Amino acid sequence: MKKFRPISSKVIPLPKNDVDTDQIIPAQYLTSTSREGYGENLFRRLKDTEPDFPLNQPRFHGAEILLTGYNFGCGSSREHAVWAIQGAGIEAVVAESFADIFANNCAKNGMLLVTLQKNIIERLLKRAETQDVYVTIDLEKQVVTVNEGLATEKHYFEYDPFRKHCLLNGLDDINYILSHDKEISDYRERNEKTWSAPSTKKNDRALAIAGTKN
Amino acid sequence: MSQVKSIPKKAVQQQKHDVVAKKSATVDETKGPRNIVEKIWASHIVSQTDGHPAIFAVDLMLLHEVTSAQAFQTIEQRKLKVKNPERLLATIDHSIPTRQNRWEIYDEAARSQVETLRENCKRHGIPFFDYDSGNQGIVHVIGPELGATQPGMTIVCGDSHTSTHGAFGALAFGVGTSEVAHVMATGCLLQEKPRSMKVEFRGSLKKGVYSKDAVLKLISIIGVGGANGHVIEYTGEAISKMSMEERMTICNMSIECGARAGVIAPDEVTYNYLKGRKLAPTEDNFQEAVEYWETFRSDPESKFDKEVVIVLDELDPMITWGTNPSQGIELGKPIPNPKKLSDLAKKDLEAALAYTKLEAGKSLVGMPFQWAFVGSCTNGRIEDLRIAASILKGKKVAEGVTMYVVPGSESVRAQAIEEGLDKVFENAGAQFRMPGCSMCLSMNDDRVPPGERCVSSSNRNFMGRQGPDSITHLASPATVAASAIEGKITSPANYL
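Predicted, not measured: the structure shown is a model, and the values here were computed from it.

Criteria and cut-off values
- Residues numbered from 1 in each chain as written.
- Chains lettered and ligands numbered in written order.
- Predicted model: local features only at pLDDT ≥ 70, side-chain atom pairs only at ≥ 80, totals over all residues.
- Heavy atoms only, no water.
- Pairing = 2+ DSSP bridges.
- Helix = DSSP H or I, 4+ residues; strand = E, 2+ residues; numbered from the N terminus.
- Axes fitted to C-alpha atoms, helices over the stretch in contact; angles between N-to-C directions.
- pLDDT = per-residue confidence, 0-100.
- Contact = heavy atoms within 4.5 Å.
- Salt bridge = Lys/Arg side-chain N within 4 Å of Asp/Glu carboxyl O.
- Buried < 20%, exposed > 50% of the residue type's maximum accessible area, 1.4 Å probe, protein only.
- Polar contact = N/O pair within 3.5 Å; in protein donor to acceptor, adjacent residues only side chain to side chain.
- Domains from an automatic or database assignment.
- Buried area = accessible area lost by both parts, 1.4 Å probe.
- Parallel < 35°, antiparallel > 145°, perpendicular 65-115°, else oblique.
- Left-handed = near helix turned anticlockwise from the far one by under 90°.
- Nonpolar A, V, L, I, M, F, W, Y, C, P; charged D, E, K, R; others polar.
- Core = buried A, V, L, I, M, F, W, Y, C linked by side-chain atoms within 4.5 Å.

Now for the sheet that holds strand β9 (residues 195-202) of chain B. Residue and element names in this part refer to chain B. Ordered in space as β11-β10-β9-β12, the 4 strands form an open sheet in which the pairing is parallel. The open sheet terminates on both sides in strands that have one partner only, identified here as β11 (261-263) and β12 (306-311). Taken pair by pair, the neighbouring strands of this sheet meet at an average axis angle of 20 degrees, ignoring direction.

Here it is as structure tokens:
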């Protein structure tokens with residue numbers, strides 16, 4: 001996973017609440033077995049039906065920050081939603097709030113999600129209707145800076161310290177979990193007798209029922 | 001009028017308590033009353049370091065073709081093994097056709113997904129429920145059906161409707177593909193302890209009103225983000241009286257109000273359902289298992305971060321009018337026209353109504369439509385098919401309506417045929433198809449054409465969910481069946 005660095009970009013405004021992952025990437029584009037190639041179908045329906053949709057406008061080409069409302073990413077657990085956003089060159093999403101599974105998926109892919117208060121989000125979205133809004137996000141300092149001519153406004157944002165460490169250092173969870181291998185084996189041994197621990201015998205039963213030959 | 005008692009937001013917030021705050025899971029929480037979520041959580045913590053998420057043990061992971069291929073790639077690239085193949089079960093459901101010759105997939109990418117999963121399972125020794133194994137089906141239908149889903153377990157799957165399994169008193173939630181890889185490689189996940197929310201369903205459901213209606217009511221009250229960050233425990237008289245199928249419908253839809261999971265404490269109904277299932281404990285140790293399962297119940301006096309009470313006695317069947325599952329009303333009520341809305345919320349509402357071609361202030365009763373769908377992980381179980389069949393028996397689906405009845409699994413299909421339900425559907429002019437996710441999500445051949453309207457027993461009415469520019473109205477299987485007969489949206493009450 002690559003390390004997260006401060007980013008400065010024009011924001012792409014998406015003035016909506018509850019944007020679901022079916023809108024981010026419709027299910028008919030999920031049939032690939034790779035993590036690549038989803039970017040062009042990001043917000044496919046909005047791109048096809050709204051000629052003024054920001055991603056159809058050349059002035060937003062190359063913009064790396066998406067700005068949106070409440071509960072962004074609700075619905076399906078498809079990680080393809082994150083791959084599509086990243087595939088379109090977007091590095092961070094600023095919103096009033098995010099759905100849980102989507103937020104988790106972003107963390108695993110090095111994508112930064114920034115939560116700001118409703119009134120700030122609404123003001124910035126309003127401003128983006130008539131002018132370009134430029135923003136710098138510094139994860140190290142947990143500050144979003146909005147640049148407007150000579151004036152700037154700074155907003156502190158909350159961020160989980162563990163996730164911050166992972167993002168800034170490009171670490172992913174597998175190695176962290178693997179480093180606790182001994183504790184995992186101990187746990188499994190301790191719980192061998194509980195009913196939630198399927199035995200090898202049970203696996204044989206499952207394989208037999210499935211008719212899987214190995 | 002249905003009586004809905006929802007604790008006002010302020011009161012709910014005041015009930016926040018400290019147990020969830022920080023601190024490690026295992027030490028403090030053995031003291032004092034604990035709720036079911038805290039109990040399952042505590043029994044699955046492998047390791048917890050302050051300032052870090054917990055390492056959380058996963059008992060069972062379900063796999064399907066859409067969200068697993070990239071996870072297998074991840075572990076193979078890193079030269080890791082599948083650590084616990086005995087904790088995995090796989091099947092195909094999302095991208096397969098539901099016609100008779102379903103093994104012929106014309107879409108090359110979809111075919112490749114299915115073949116990739118089959119090969120991956122073979123290579124890693126993972127039980128794979130293929131076509132005609134007798135147990136293929138939607139992951140959330142076959143897990144319970146096989147008895148693999150059990151109380152007190154932790155279950156994940158690369159699918160948000162994993163919350164279904166919570167009906168058995170398991171902590172079950174959807175994860176992304178990266179986390180699927182983590183579980184493959186380690187049997188564990190990094191997790192933050194979820195907050196808890198109690199939803200109490202009081203009273204009983206009227207005739208013609210089902211658990212689908214109850215959960216749609218809940219979502220319409222708290223909103224699509226209303227339970228973000230929480231695991232919901234469903235309790236109350238209405239829940240106790242429900243069958244496992246009805247409970248699964250409720251837990252399944254938990255994700256539609258943003259909940260990480262939904263849980264129902266196990267009881268006699270749960271144990272009776274599990275007894276004799278292929279992967280459930282066998283007869284000689286079933287009682288011992290029940291004793292263990294009994295420990296997963298919220299203690300009296302245990303606390304929750306949020307509580308909601310809903311009285312169901314007067315609830316009428318629900319139907320959605322908009323483009324997310326919270327935009328639902330009782331049949332006969334007008335589409336709401338709220339006055340006080342922020343600019344953004346107002347725009348969203350206008351966009352939803354423009355998409356569904358409806359007007360605020362009007363009722364949906366009598367609205368004509370072209371498609372009717374009974375199926376999905378929400379309502380594709382045998383009981384759902386029985387209800388639909390009881391309404392369709394001796395009747396005809398209206399001209400101009402295409403009705404699909406798609407069983408959730410091969411076993412549901414076989415049972416339906418044994419009971420003669422297939423004949424009922426066919427005589428009514430509905431198509432009784434092969435098992436899969438079908439028309440719920442437009443990933444396979446089953447799609448609602450652009451601009452057409454579908455009354456559907458599935459779980460999501462998002463824009464384009466059932467096909468580009470299709471319009472979805474979520475409802476119970478009974479409402480779908482009754483409406484299909486009339487060709488217009490109607491209450492099932494007239495048919496029972």
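Take the confidence of the model for chain B next. Residues and elements named next belong to chain B. Looking at chain B, pLDDT values average 93 and 94% of them are 70 or higher. Across residues 1-29 the pLDDT falls below 50, and counting only partners more than four positions away or on other chains, this stretch makes 47 contacts in the model. Reported confidence for the predicted complex is 0.94 by ipTM and 0.94 by pTM.

Right, let's get into the pattern of salt bridges. Under the defined criterion, the tally for this structure stands at 39 salt bridges over all chains. Between B:Arg87 and B:Asp59 there is a salt bridge, with its nearest N and O atoms 3.7 Å apart. Of this pair, B:Arg87 sits in the loop between α3 (69-77) and β4 (88-91) while B:Asp59 sits in the loop between β2 (54-57) and β3 (60-63), and the two are 28 residues apart along the sequence. The two residues B:Arg87 and B:Asp59 agree in class, both being buried. Where salt bridges share partners, they join A:Lys108, A:Arg163, A:Asp173 and B:Glu179 into one cluster.

Let us look at the side chain of B:Ser442. Turning to its location among the elements, B:Ser442 is positioned in the loop between β17 (431-432) and β18 (453-456). Among the polar contacts listed, one links the side chain of B:Ser442 to the side chain of A:Gln28, at a separation of 3.2 Å. The residues touching B:Ser442, leaving out its near neighbours within four places in the chain, are A:Ala27, A:Gln28, B:Arg447, B:Gly464, B:Arg465, B:Gln466 and B:Gly467.

Unlike most non-glycine residues, A:Phe43 shows phi in positive territory, near 50 degrees. Relative to the helices and strands, A:Phe43 resides in the loop between α1 (21-24) and α2 (44-49). A residue is classified by how much of its surface remains accessible, and A:Phe43, at 0% relative accessible area, is buried. Positive phi is not limited to glycine here, since B:Ser376 has a value of about 90 degrees. Its place among the elements puts B:Ser376 in helix α13 (residues 376-379).

Below, the discussion takes up the domain arrangement of chain B. The accessible area lost on association of the parts is a frequent measure of interface size. Residues and elements named next belong to chain B. Domain assignment breaks chain B into domain 1 (9-193 + 263-298) and domain 2 (320-495). Opposite the 27 residues of domain 1 that make contact, domain 2 presents 23 residues. Interface area, domain 1 with domain 2, both sides summed: about 2,000 Å², of which 54% is carbon and sulfur. The tally of links from domain 1 across to domain 2 stands at 2 salt bridges. Across the pair Arg102 and Glu410 runs a salt bridge, and its minimum N-O distance is 2.6 Å. Inspection of the region where domain 1 meets domain 2 yields 17 residue pairs in polar contact (both at pLDDT 80 or more). Among the elements that take part in the side of domain 1 that touches domain 2, helix α5 (residues 139-146) stands out by supplying 4 residues, more than any other.

Turning our eyes to something else, we now look at the packing of helix α14 (residues 382-392) of chain B against helix α17 (residues 477-486) of chain B. How two helices sit against one another is set out by the angle between their axes and by the gap between those axes. Residues and elements named next belong to chain B. At a minimum axis separation of 8 Å, α14 and α17 run at an interaxial angle of 25 degrees. Considering the angle they form, α14 stands roughly parallel to α17. Crossing angle aside, the handedness with which α14 passes α17 is right-handed. Contact residues: α14 offers Asp384, Ile387, Ala388, Ile391 and Leu392, while α17 offers Pro477, Ala478, Ala481, Ala482 and Ile485. Grouping the amino acids of the contact of α14 with α17 by side-chain chemistry returns 9 nonpolar, no polar and 1 charged.

Turning to the packing of α14(B) against helix α15 (residues 410-418) of chain B, a few remarks are in order. Residue and element names in this part refer to chain B. Where α14 meets α15, the closest approach of the two axes is 9 Å, and the angle between their N-to-C directions is 35 degrees. Here α14 and α15 pass one another in a crossing that is right-handed. Along its contact with α14, which presents Ile382, Leu385 and Arg386, the element α15 presents Val412, Gln415 and Ala416. Residue composition of the contact of α14 with α15, by class: 4 nonpolar, 1 polar and 1 charged.

Tallying the contact residues gives 101 residues for chain B and 73 residues for chain A. Interface area, chain B with chain A, both sides summed: about 6,900 Å², of which 55% is carbon and sulfur. When the buried area of chain B at its contact with chain A is split by residue, B:Gln70, B:Leu190 and B:Leu344 rank highest and sum to 9% of it. Residue A:Arg45 is joined to B:Asp469 by a salt bridge in which the shortest nitrogen-to-oxygen separation is 3.3 Å. At the surface where chain B touches chain A, the tally comes to 28 residue pairs in polar contact (both at pLDDT 80 or more). Among the residues making up the side of chain B that touches chain A, the classes are represented as 42 nonpolar, 39 polar and 20 charged.

One finds A:Phe43, A:Phe72, A:Phe102, B:Met403 and B:Phe425 to be the most contacted residues of the largest nonpolar core, which totals 82 residues. Top contributing element to this core by residue count: α14(B), with 7 residues. In terms of domain composition, this core takes at least three residues from each of domain 1 (9-193 + 263-298) and domain 2 (320-495) of chain B. Dropping the residues within four chain positions of it, B:Met403 is found in contact with B:Ala372, B:Val374, B:Leu392, B:Val397, B:Ala430, B:Gln431, B:Val480, B:Ala481 and B:Ala484.

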